[in-house]
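Residues per chain are reported as follows:
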Amino acid sequence: MRTRRLSLVGSCLLSLYSGQALWAQNTLNYTTPDAHYRSGIEFVEKKNYASARQEFQRFLETNKGLLTSNDLNAVNAEYYIAMSALYLNQAEAEILAERFIKNHGDHPAARQLYADLGNFYYNSGDYAKAIPYLEKASGTEAAFKLGMAQYYNQNYEAALKAFDPVKAGGSEYASAASYYSGVIAYNNGNYPAAISDFRRIENSKEFGNEVPGWIAHSYYRQGQYDPLLSYAEPILRKGNKSGKRLDELSLLVADVYFQKGNYAKAAEYYKMHTNFRGGKLPVPAAYRYGYSLYRQNDFNGAIAALKPLAASKDTVGQYSSYYMGISYLNTENLQYSLAALDQARKLSFNKSVQEDAAFNHAKVQLDLGNGNESVKEFDQFIKTYPNSAYLNESKELRGEGLLLSNNYALILDYLDKERNLTAKQRNQYQQAAYNLGINAFNAERFDQAIISFDKSLKYTDNRDLAIAARFWKAEAVSAQQKYAEVIPQYTQLIASSDNSTLVPDFRIRSRYGLGYAYYNTREYDKASTQFKAYTDAVRGLPAEDRRNYEDAMIRLADTYLVAKRYDEATRIYDQVVVTGKSDKDNALYNKGISLLYTDKYAEARTTLNQLLNQYPNSAYVDDAMFQLGMVELNQQNYTGAVSQFTRLIQRQPQSPILHAGYLQRAIAYSNLKKYDEAIADYQVILTKYATSKSAESALLGVQDALNSVGRPEEFSSIIKGYEQSNPSDGSLEKIKYDAAKNMYFSEKYAQAITAIQEFLQKYPNSSSAPEALYYLADSYYRTEDRTSALQYFYRVIRDNKTQFVGRAAQRAAELEYQNENYRGAVTNYQTLLRSSTNKKDQVAAQLGLMDAYYKLAKYDSSSVYAKDVINGGNAVMGAQNRAQLFSGKIALARNDSKKAIEEFEKTAKLAKDSYGAEAIYNVALILYKEKKCKESRDKIINELKEQFTDQQWIDRGFLLLSDVYVCLNEAFQAKALLNTIIEGAEDKAIVEEARKKLAALK
């Protein structure tokens, strides 16, 4: 507050004019000594106080008697000497002044000297010295300055007393007196008096702009919020036109509305305050502004307001980071929410906020799919806050975290110990047991799968899970080939009226399973009914809902074939050949068989040759060649038969039906009377395939052939060799072999190796030797002796004397792949494909060829087998998903990122497993490399984290996300995310990579 102060020059002039008036009255009496007096007056006018004092002193010295006679000029001279000393700040000034007042108390200049002394000390800031003089001075100015001097000396009651007469008048000091009276009253807590004083000067030019703030604060201090708003809002609505200072006023109004819970108005006035103050708010007000926006669900606005406050390590920082975290949560920005809540939970200024932040941080971990981290945090929360209102919910959410982290056994153990499970916990129990069952099923541990599915059915609150558990339990029983046991289970599923949305789907799928159960128990009429019902139900559905359609059609046709409904069977096979995406080779083969049964040899020949020409790598090639030979044999075209069987023997040397090919060629040779050739074929069977189904027929055939050429004596040596290859059941050889084999089946592989080696050394020509070789190879495989395993697997494949050729080829392929001998892997997978007798082996071979060709950068070949798997139905769980993923990887390897993204998106839609997670990761990586960082971020957060549970790919996605945040200039989020990975990831390699990235950011 500026006060009007009288200047020294002003005081001097007043005194001077007074002196001049006195001097004018005595001009006639001036003598020569008076010249000093006149010179003194002139020097005062010129403010030359040193010279003035000298002249006045000379005047008195030359007129020593005048002063004692109270001569008016002499008195004036003494006054001017005192004043000059005062203005010259001379030490004796005060003594001179007091002497003058003592000697001339009734002189008019005495009162003026009081005022001048008071002004002098007041202006020099010595208020204590000014007060006694101003108290004796007269006039409004002196009274005002007295009040100010008392104010500055903190004598507020005395100041108020001095101001009272001043503020009531109309002098130039009235406004200032009212202002300072109001300030004193405000500081004394006398708010009504303060309001009265400030109201008096609302229109003051000097104080009017500040007055509204004082009045508003006075209302605020009294809790009179409505009068405050009534007074302040009209002023604020005028804006700058009001001529008032509005920054503090708007802030006060905002705080009042905040206190009243009117957050919309509060936010409005906080915003107004930022406009007056260049966009800045005091820290407490900035928090209240952010909170007001939060309470209005303006979460983005709240984030922007709270973000500058959240990093501070104080109460405001804790509150701000908490509500910023909740705001991020409401904008579905979970990753940013996690970082903000982490700050809030680590600060302990407000325990309630800390507890809420810790609980919500754990929930966000769960929402982000960080199962392991959420479990750890809920465990810590339950331990830290045992009496929390969130305790029960924390226990339930802990179960969700265990489910998410795939720790199903742990959640079952945990829930088995709990009493009175909540509905959510019972659902978790169902889900965990069900997931354990699915995992065991996928690993082909069917006994364990059945136990887990039964455990899942302990609770049936979730009807969908219950019906799914029943279905997959039936599938597990079926996989164990316990058809008599599974038939009633499928039948119950088909008849189910359970209240589940999955019943219709599982009813249809159960018909497919039931069809196979009847098919495998040779109840073909019942199998036909189920396959027909299945194909009718899924026909016309989207491709993903009828993956087993073509296989069921072929099996339906097979049942018609068995029932001798050849025309119907042929019609269905034709349909698969024309419209099917897979199993066309199977359909062609079976069509050929159907035509053979109806003696349509020409059509059969055409159909089987079509198979050989169109599908040269089909698993049915050797069978087709064999049946072509049978066509010629049945038509008594023995030369043609020999040709066909020879083609089989030469082109399919690893075929499991080679013994039958030799037998039928021998028969054809015999019919051509080429007995020596026939005898040679029979001897191959009796030496190389002595344990096969063809051996007994070969024994009879060779005897007839030898008789026909007059060499019956040779049969005795042949029969002797045959008997050696087929010892009696009670022989020592069989006992030794069974003992060695039992070691293998007891999983005592090291002992099995020794026992089998001893057996092979003692009985190298045993009929059990080919099988023993496989068990020996597999024992080496299971003891991780790759070199020895490969050696013996190759012997099994090369000898081709056992049904284990396919398995040996698969093992050899896997080992060669691990050894990075991808060409060797291709050769063995092709052997597996040729020798496969079921869909599972066929798909395994196709997947292996897809992988190996990809490693060899033969992307066309890899793509062919990927498509075969995709189109081949769902015979092997997850196979289609993996093949679809490879379609994207192949496109990516060809630098076709657009096609790669398309294929990866298909994978993610099809597969909610690790293949789908990897697919989305690859899409995010492509987008990041293309500098589409926002899109990459959304892929990781909204899809990889939301839709998948595979922790490896989620962690890798987080690593990528840290780079994406850097790309988006969000280094704070990148650091927070990397710290989360370091604290929570279990994969050491990922943690180490996160450390490197974090170090690079600092």
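In every chain, residue numbers begin from 1 and rise along the written sequence. pLDDT decides what is reported in this predicted model: residues at 70 or higher carry local features, side-chain atom pairs at 80 or more are listed and counted, and totals for whole chains, interfaces and linings draw on all residues regardless. Excluding hydrogens and water, the side-chain figures rest on all heavy atoms present in the structure.

Things to note about the overall build of the chain
Part 1 of the reasoning: The numbering of helices and of strands both runs from the N terminus, where a helix is a DSSP run of H or I of at least 4 residues and a strand a run of E of at least 2. For the chain, the helix and strand inventory stands at 55 helices and 0 strands.
Part 2 of the reasoning: Against the globule reference of 30 Å for 1002 residues, the chain gives a C-alpha radius of gyration of 53 Å, more extended than a compact globule.
Part 3 of the reasoning: Overall, the chain is about 190 × 55 × 50 Å in size when its C-alpha atoms are taken along their principal axes.
Part 4 of the reasoning: A buried classification covers 52% of the 1002 residues belonging to the chain.
Part 5 of the reasoning: What makes two residues a contact is simply this: any of their non-hydrogen atoms within 4.5 Å. Contacts in the chain between residues far apart in sequence, at least 24 positions, make up 52% of those at least 6 positions apart.
Part 6 of the reasoning: In short, Shrake-Rupley with a 1.4 Å probe defines the accessible areas, and a residue's cover is counted only from the protein chains shown. Entry remark: accessible area of the chain is about 46,700 Å², with carbon and sulfur atoms responsible for 46%.
Part 7 of the reasoning: Each charge sign in the chain was given a centre, from 122 positive and 116 negative side chains, and these centres are 1 Å apart. Computation of the radius of gyration draws on C-alpha atoms, with the globule rule given as 2.2 Å multiplied by the number of residues to the power 0.38. Only protein chains enter the calculation, and the probe is 1.4 Å; a residue is then buried if its accessible area is under 20% of its type maximum, exposed if over 50%, and partly exposed in between. Charge assignment: positive for Lys and Arg, negative for Asp and Glu; neither His nor the chain ends contribute. Every charge is mapped onto a representative atom, which is NZ of Lys, CZ of Arg, CG of Asp or CD of Glu.

As for the packing of aromatic side chains
Part 1 of the reasoning: By convention, a stacked pair of Phe, Tyr or Trp rings (six-membered ring in the case of Trp) has centres within 6.5 Å and planes under 30 degrees apart, an edge-to-face pair has planes over 60 apart, and any other such pair is tilted. On inspection of all chains with the given rule, the structure shows 76 aromatic pairs.
Part 2 of the reasoning: Arranged with centres 5.7 Å apart and planes meeting at 70 degrees, the rings of tyrosine 37 and phenylalanine 56 form a pair that is edge-to-face. Here phenylalanine 56 lies in helix α3 (residues 49–62) and tyrosine 37 lies in helix α2 (residues 34–45), a separation of 19 residues in the sequence.
Part 3 of the reasoning: For tyrosine 37, a relative accessible area of 0% puts it in the buried group.
Part 4 of the reasoning: Between phenylalanine 745 and tyrosine 775, the ring centres sit 5.4 Å apart and the planes meet at 70 degrees, which makes this aromatic pair edge-to-face. One end of the pair, phenylalanine 745, is in helix α41 (residues 732–745); the other, tyrosine 775, is in helix α43 (residues 769–782), and 30 residues separate them in sequence.
Part 5 of the reasoning: Of the residues examined, phenylalanine 745 reaches a relative accessible area of 52% and is grouped as exposed.
Part 6 of the reasoning: Here the basic side chain of arginine 398 rests over the ring of tyrosine 414, its NZ or CZ set 4.3 Å away from the ring centre.
Part 7 of the reasoning: Only Lys NZ and Arg CZ are tested; either one counts as a charge over a ring when it is within 6 Å of the ring centre and within 35 degrees of the ring normal. One cation-aromatic arrangement involves arginine 956 over tyrosine 921; the distance from NZ or CZ to the ring centre is 5.3 Å.

Some words on the state of the cysteines
Part 1 of the reasoning: For the purposes of this analysis, a disulfide is any pair of cysteine sulfur atoms at a distance within 2.5 Å. Tallied over the entire structure, the rule returns 1 disulfide.
Part 2 of the reasoning: Residue pairing for cysteine 933: its cysteine sulfur links by disulfide to cysteine 967, the two sulfurs lying 1.8 Å apart. The sign of the S-S torsion, about 85 degrees, decides the handedness of the disulfide formed by cysteine 933 and cysteine 967: right-handed. Note that cysteine 933 is positioned in helix α52 (residues 933–947) and cysteine 967 in helix α53 (residues 951–967), a separation of 34 residues in sequence.
Part 3 of the reasoning: On the basis of relative accessibility, which here comes to 4%, the residue cysteine 933 falls in the buried class.
Part 4 of the reasoning: Looking at cysteine 967, the relative accessible area reads 34%, which means it is partly exposed.

Focus on unusual backbone geometry
For residues that are not glycine, phi is negative in most cases, and the peptide bond is trans in most cases.
Part 1 of the reasoning: For glutamine 481, which is not a glycine, the phi torsion comes out positive at approximately 65 degrees.
Part 2 of the reasoning: Positionally, glutamine 481 belongs in the loop between α27 (463–479) and α28 (483–495).
Part 3 of the reasoning: Overall, glutamine 481 belongs to the exposed group, its relative accessible area being 58%.
Part 4 of the reasoning: Located in the positive-phi region is glutamate 784, a residue other than glycine, with phi close to 65 degrees.
Part 5 of the reasoning: With respect to the element layout, glutamate 784 can be found in the loop between α43 and α44 (786–799).
Part 6 of the reasoning: Given a relative accessible area of 71%, glutamate 784 falls into the exposed group.

Points about the environment of leucine 341
Part 1 of the reasoning: Considering the arrangement of structural elements, one finds leucine 341 in helix α20 (residues 334–346).
Part 2 of the reasoning: Placed 18 residues apart in sequence, leucine 341 and tyrosine 323 show a C-alpha to C-alpha distance of 8.3 Å.
Part 3 of the reasoning: Not counting the four nearest positions on each side in its chain, leucine 341 is found in contact with Ser321, Tyr322, Gly325, Ile326, Ala357, Asn360, His361 and Val364.

Some thoughts on the packing of α43 against α44
Part 1 of the reasoning: For helices, the fitted axis covers only the stretch in contact; all axes are lines through C-alpha atoms, and the angles between them, taken along N-to-C directions, range from 0 to 180 degrees. At a minimum axis separation of 8 Å, α43 and α44 run at an interaxial angle of 155 degrees. It follows that α43 is roughly antiparallel to α44 by the angle criterion. In terms of crossing hand, the pair formed by α43 and α44 is left-handed. Residue-level contacts link Pro770, Leu773, Tyr774, Leu776, Ala777, Asp778, Tyr780 and Tyr781 of α43 to Ser788, Ala789, Tyr792, Phe793, Arg795, Val796 and Asp799 of α44. Angles are sorted into four bins: roughly parallel if under 35 degrees, roughly antiparallel if over 145, roughly perpendicular if 65 to 115, and oblique for all others. Here a crossing is taken to be left-handed if its near helix is turned anticlockwise relative to the far helix by less than a right angle, and right-handed if that turn runs clockwise.

Re the pattern of salt bridges
Here the idea is simple: oppositely charged side chains can pair when their charged atoms come close.
Part 1 of the reasoning: Any carboxyl oxygen of Asp or Glu within 4 Å of a side-chain nitrogen of Lys or Arg constitutes a salt bridge here. On inspection of all chains with the given rule, the structure shows 52 salt bridges.
Part 2 of the reasoning: Aspartate 778 is the partner of arginine 782 in a salt bridge, and the nearest nitrogen-oxygen pair spans 2.8 Å. Here the residue arginine 782 and the residue aspartate 778 both occupy positions in helix α43, the gap between them amounting to 4 residues, near one helical turn.
Part 3 of the reasoning: With a closest N to O distance of 3.4 Å, aspartate 938 and arginine 937 form a salt bridge.
Part 4 of the reasoning: Overall, the relative accessible area of 32% leaves aspartate 938 in the partly exposed class.

Section: helix α36 (residues 638–651)
Part 1 of the reasoning: Relative to the 20 Å expected for 14 residues at 1.5 Å per residue, α36 spans 20 Å between its end C-alpha atoms, a close match to the ideal helical length.
Part 2 of the reasoning: For α36, a buried count of 10 out of 14 residues is recorded, marking the element as mostly surrounded by other parts of the structure.
Part 3 of the reasoning: Those residues of α36 that fall on the buried side of the exposure criterion are Tyr638, Gly640, Ala641, Val642, Gln644, Phe645, Thr646, Arg647, Leu648 and Ile649.
Part 4 of the reasoning: Of the surrounding secondary structure, the elements contacted by the buried residues of α36 are α34 (601–614), α35 (621–634) and α37 (658–671). Residue count minus one, scaled by 1.5 Å, sets the expected span of a helix.

Overview of α3
Part 1 of the reasoning: Taking 1.5 Å per residue as the helical rise, α3 with its 14 residues ought to reach 20 Å, and the 20 Å between its terminal C-alpha atoms agrees with that figure.
Part 2 of the reasoning: Residues of α3 that are buried: Tyr49, Ser51, Ala52, Arg53, Glu55, Phe56, Phe59 and Leu60.

Topic: the nonpolar core
Part 1 of the reasoning: Buried residues of nine kinds, namely Ala, Val, Leu, Ile, Met, Phe, Trp, Tyr and Cys, make up a nonpolar core once their side-chain atoms join them within 4.5 Å. In this structure, Phe56, Leu228, Tyr270 and Ile981 are the most contacted members of the largest nonpolar core, which totals 147 residues.
Part 2 of the reasoning: Phenylalanine 56 has contacts with Tyr37, Gly40, Ile41, Val44, Ala77, Tyr80 and Ile81, leaving out every residue within four places of it along the chain.
Part 3 of the reasoning: Residues Phe506, Leu588, Leu648 and Ile657 belong to the second largest nonpolar core, which totals 99 residues.

Focus on the confidence of the model for the chain
Part 1 of the reasoning: The pLDDT score gives, residue by residue, the confidence of the prediction method on a 0 to 100 scale. Here the chain shows a mean pLDDT of 86. Residues at 70 or above account for 94%.
Part 2 of the reasoning: The low-confidence segment residues 1–31 (pLDDT under 50) makes 63 contacts with residues lying over four places distant or belonging to another chain.

Thoughts on the environment of asparagine 742
Part 1 of the reasoning: The residue asparagine 742 is located in helix α41 in this model.
Part 2 of the reasoning: Residue classification places asparagine 742 among the partly exposed positions, given a relative accessible area of 47%.
Part 3 of the reasoning: Residues asparagine 742 and alanine 755, spaced 13 residues apart in sequence, show a C-alpha to C-alpha distance of 9.9 Å.

Quick look at the environment of leucine 849
Part 1 of the reasoning: Mapped onto the fold, leucine 849 is located in helix α47 (residues 839–855).
Part 2 of the reasoning: The contact partners of leucine 849, leaving out residues within four places of it in the chain, are Val826, Tyr829, Gln830, Leu833 and Tyr865.

Quick word on the side chain of lysine 889
Part 1 of the reasoning: Mapping lysine 889 onto the fold places it in helix α49 (residues 879–893).
Part 2 of the reasoning: Using a relative accessible area of 19% as the deciding quantity, one classes lysine 889 as buried.
Part 3 of the reasoning: Other than its neighbours up to four places away in sequence, lysine 889 contacts Tyr854, Phe904 and Glu918.

Side note on the packing of helix α38 (residues 675–688) against helix α39 (residues 695–708)
Part 1 of the reasoning: Packing of α38 against α39 brings their axes to within 9 Å, and their N-to-C directions diverge by 150 degrees. The orientation of α38 with respect to α39, classified from their angle, is roughly antiparallel. Every pair of crossing elements has a handedness; the one defined by α38 and α39 is left-handed. For the pair α38 and α39, the contacting residues are Tyr675, Ile679, Tyr682, Ile685 and Leu686 in the first and Ala695, Ala698, Leu699, Gly701, Val702, Ala705, Leu706 and Ser708 in the second.
Part 2 of the reasoning: The classification used treats Ala, Val, Leu, Ile, Met, Phe, Trp, Tyr, Cys and Pro as nonpolar, Asp, Glu, Lys and Arg as charged, and all other residues, Gly among them, as polar. Grouping the constituent residues of the contact of α38 with α39 by class yields 11 nonpolar, 2 polar and no charged.

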